[in-house]
Amino acid sequence: MKRRIRKAVFPVAGLGTRFLPATKASPKEMLPIVDKPLIQYGVEEAVAAGIDTLIFIIGRTKNAIADHFDKAYELEVELKTRGKTDLLRIVRNIVPSSVECVYVRQAEALGLGHAVLCARRVVGDEPFGIILADDLIKEDIKDGGALSQMVRHFNKYQCSILGVERVPPEEVYRYGIIQPLPFANRISNVVNIVEKPKPADAPSNLAVVGRYILTPRIFDLLANTLRGTGNEIQLTDGISALLNEEQVLAFEFSGQRHDCGSKLGYLIATVEYGARHPELGIQFQTYLRENFYRLDESAHATDN
């Protein structure tokens, strides 16, 4: 019987230190891209892929994430009383009623591999998706969201799939890099995977970026994975062990990725999504066109 992907894990327990002081009391995943928090874009991508159980791996400072996806009775009453039906509909449909949200506490920040391992009891003996909210991936008009594309390939091949993107060779040190063997259109067999290699040692420039589908065998392997890079339990090391037992594919998804784990990537995403916003896009584009040179001059004045 063919297995299907019903559950997705969101590792969101990190401290978000790159965005301090903004993240001192508020999770990085709750930073807005125009009018939605970053985490909501990932949730919408998961729901569109057919996910019915969202598993959030949270830390003690991440209660705002649970609050965001919870029902807000007082707000709904207020919006209903004021006749703001459009806003009421938005608030009520942040997560469809058919989708369950589960929250698991990661007591210690021991790495991405450990965060995924924390989901074991909820995932059980099923293949599952992983979405790293830092990687905001715009839906492709024709192919759909990145996770939807990967789910379609999982339905065909029934094995673990890593979402990958070609990065400049000088940036491979920031990613897990695969050694690929061509398999199908935009799909490779993963021969090896190396965490943050030096450019001279990288087996390719295909980087694993924020989207995974993994079989449940990964849990046993992560449970026996020693701390690696950064003295953390690395998901890459668990996947490397999985390669010795099962087929693992890499898929070059369609859709523009924004690295919102960096300040520059976050700013670029805000501008890109603002320029395409259905309500504000035209006005924002006009502002950018009319003020680009003024903004540029202001930046130079600040530098001086």
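Residues numbered from 1 in each chain as written. Predicted model: local features only at pLDDT ≥ 70, side-chain atom pairs only at ≥ 80, totals over all residues. Heavy atoms only, no water.

### Comments concerning the overall build of the protein chain
Regarding its fold elements, the protein chain presents eleven helices and 13 strands. Relative to its length of 304 residues, the protein chain is compact, with a C-alpha radius of gyration of 20 Å against a globular reference of 19 Å. By its C-alpha atoms, the protein chain is 55 × 50 × 40 Å across when sized along the principal axes. Scored against the burial criterion, the 304 residues of the protein chain give a buried share of 47%. For the protein chain, the proportion of contacts with a sequence separation of at least 24, taken over those separated by at least 6, is 76%. About 16100 Å² of surface is accessible on the protein chain, with carbon and sulfur atoms providing 52% of the total. Placing the 37 positive and 38 negative side-chain charges of the protein chain at their respective mean positions leaves the two points 3 Å apart. (Helix = DSSP H or I, 4+ residues; strand = E, 2+ residues; numbered from the N terminus. Rg over C-alpha atoms; globule rule 2.2 N^0.38 Å. Buried < 20%, exposed > 50% of the residue type's maximum accessible area, 1.4 Å probe, protein only. Contact = heavy atoms within 4.5 Å. Areas by Shrake-Rupley, 256 points an atom, 1.4 Å probe, with all protein chains shown as cover. Lys, Arg positive; Asp, Glu negative; His and termini not counted. Charge placed at Lys NZ, Arg CZ, Asp CG, Glu CD.)

### Re the packing of helix H3 (residues 73-81) against helix H4 (residues 85-92)
Where H3 contacts H4, the two axes come as close as 8 Å, and the packing angle between them is 160°. Taken together, the axis directions place H3 and H4 in an arrangement best described as roughly antiparallel. Once H3 is placed against H4, the crossing between them reads as left-handed. Contact residues: Leu75, Glu76, Leu79 and Lys80 in H3; Leu87, Leu88, Val91 and Arg92 in H4. The residue inventory of the contact of H3 with H4, partitioned by class, reads five nonpolar, no polar and three charged. (Axes fitted to C-alpha atoms, helices over the stretch in contact; angles between N-to-C directions. Parallel < 35°, antiparallel > 145°, perpendicular 65-115°, else oblique. Left-handed = near helix turned anticlockwise from the far one by under 90°. Nonpolar A, V, L, I, M, F, W, Y, C, P; charged D, E, K, R; others polar.)

### A few points about unusual backbone geometry
With an omega dihedral of 5°, the bond running from Leu20 to Pro21 counts as a cis peptide bond. By the element assignment, Pro21 lies in the loop between strand E1 (7-11) and strand E2 (32-33). Look at Gln158: it is not a glycine, yet its phi comes out positive at around 55°. A positive phi angle, close to 50°, is found at Lys196, a residue other than glycine. Take Lys196: it is sitting in the loop between strand E10 (187-195) and strand E11 (206-214).

### Points about the packing of aromatic side chains
Under the defined criterion, the tally for this structure stands at seven aromatic pairs. Aromatic side chains Phe128 and Phe219 sit 5.1 Å apart centroid to centroid with 5° between the ring planes, which places their arrangement in the stacked category. Here Phe128, found in strand E6 (residues 128-131), pairs with Phe219, found in helix H8 (residues 217-223); they are 91 residues apart in sequence, far enough to count as distant. Each member of the aromatic cluster is reached from another via a ring pair, and the members are Phe10, Phe56, Phe69 and Tyr103. (Phe/Tyr/Trp six-rings, centres within 6.5 Å; stacked < 30°, edge-to-face > 60°.)

### Digging into the side chain of Gln106
In this structure, Gln106 sits in the loop between strand E5 (100-105) and helix H5 (112-117). Accessibility expressed as a relative area gives 8% for Gln106, which makes it buried. A polar atom in the side chain of Gln106 sits 3.2 Å from the backbone oxygen of Glu108. The contact partners of Gln106, leaving out residues within four places of it in the chain, are Ala13, Ile57, Ile58, Gly59, Gly111, His114, Ala115 and Cys118. (Polar contact = N/O pair within 3.5 Å; in protein donor to acceptor, adjacent residues only side chain to side chain.)

### Structural notes on the environment of Ala115
Relative to the helices and strands, Ala115 resides in helix H5. For Ala115, a relative accessible area of 5% translates into the label buried.

### Description of the pattern of salt bridges
In the structure shown here, the tally under the stated rule is 21 salt bridges. The closest approach of N and O atoms between Arg186 and Asp143, which form a salt bridge, is 4.0 Å. You can see Arg186 sitting in the loop between strand E9 (176-184) and E10 and its partner Asp143 sitting in the loop between strand E7 (135-137) and helix H7 (146-157), a full 43 residues away along the chain. Among the residues examined, Asp143 registers a relative accessible area of 19% and is labelled buried. In this structure, Glu165 engages Arg257 in a salt bridge whose closest nitrogen and oxygen atoms are separated by 2.8 Å. Placement of the pair is Glu165 in strand E8 (residues 160-166) and Arg257 in strand E13 (residues 257-259), with a sequence separation of 92 residues. (Salt bridge = Lys/Arg side-chain N within 4 Å of Asp/Glu carboxyl O.)

### Side note on the environment of Glu252
Along the chain, Glu252 turns up in strand E12 (residues 248-252). Sequence-wise, Glu252 and Ala64 are 188 residues apart; in three dimensions their C-alpha atoms are separated by 33 Å. Each residue touching Glu252, except ones within four places of it in the same chain, is listed here: Val164, Arg166, Arg186 and Leu206.

### Topic: the environment of Leu87
Topologically, Leu87 is positioned in helix H4. For the pair Leu87 and Arg217, spaced 130 residues apart in sequence, the C-alpha separation works out to 43 Å.

### Regarding the packing of helix H1 (residues 38-48) against H7
Taken N-terminus to C-terminus, the directions of H1 and H7 make an angle of 30°; their axes are 7 Å apart at the nearest point. Between H1 and H7, the crossing angle belongs to the class labelled roughly parallel. When you trace H1 past H7, the crossing you get is right-handed. Contacts between H1 and H7 involve Glu45, Ala46 and Ala48 from the former and Ala146, Leu147 and Ser148 from the latter. Looking at the contact of H1 with H7 residue by residue, the class counts come to four nonpolar, one polar and one charged.

Function cannot be read off these values alone, since they describe shape.
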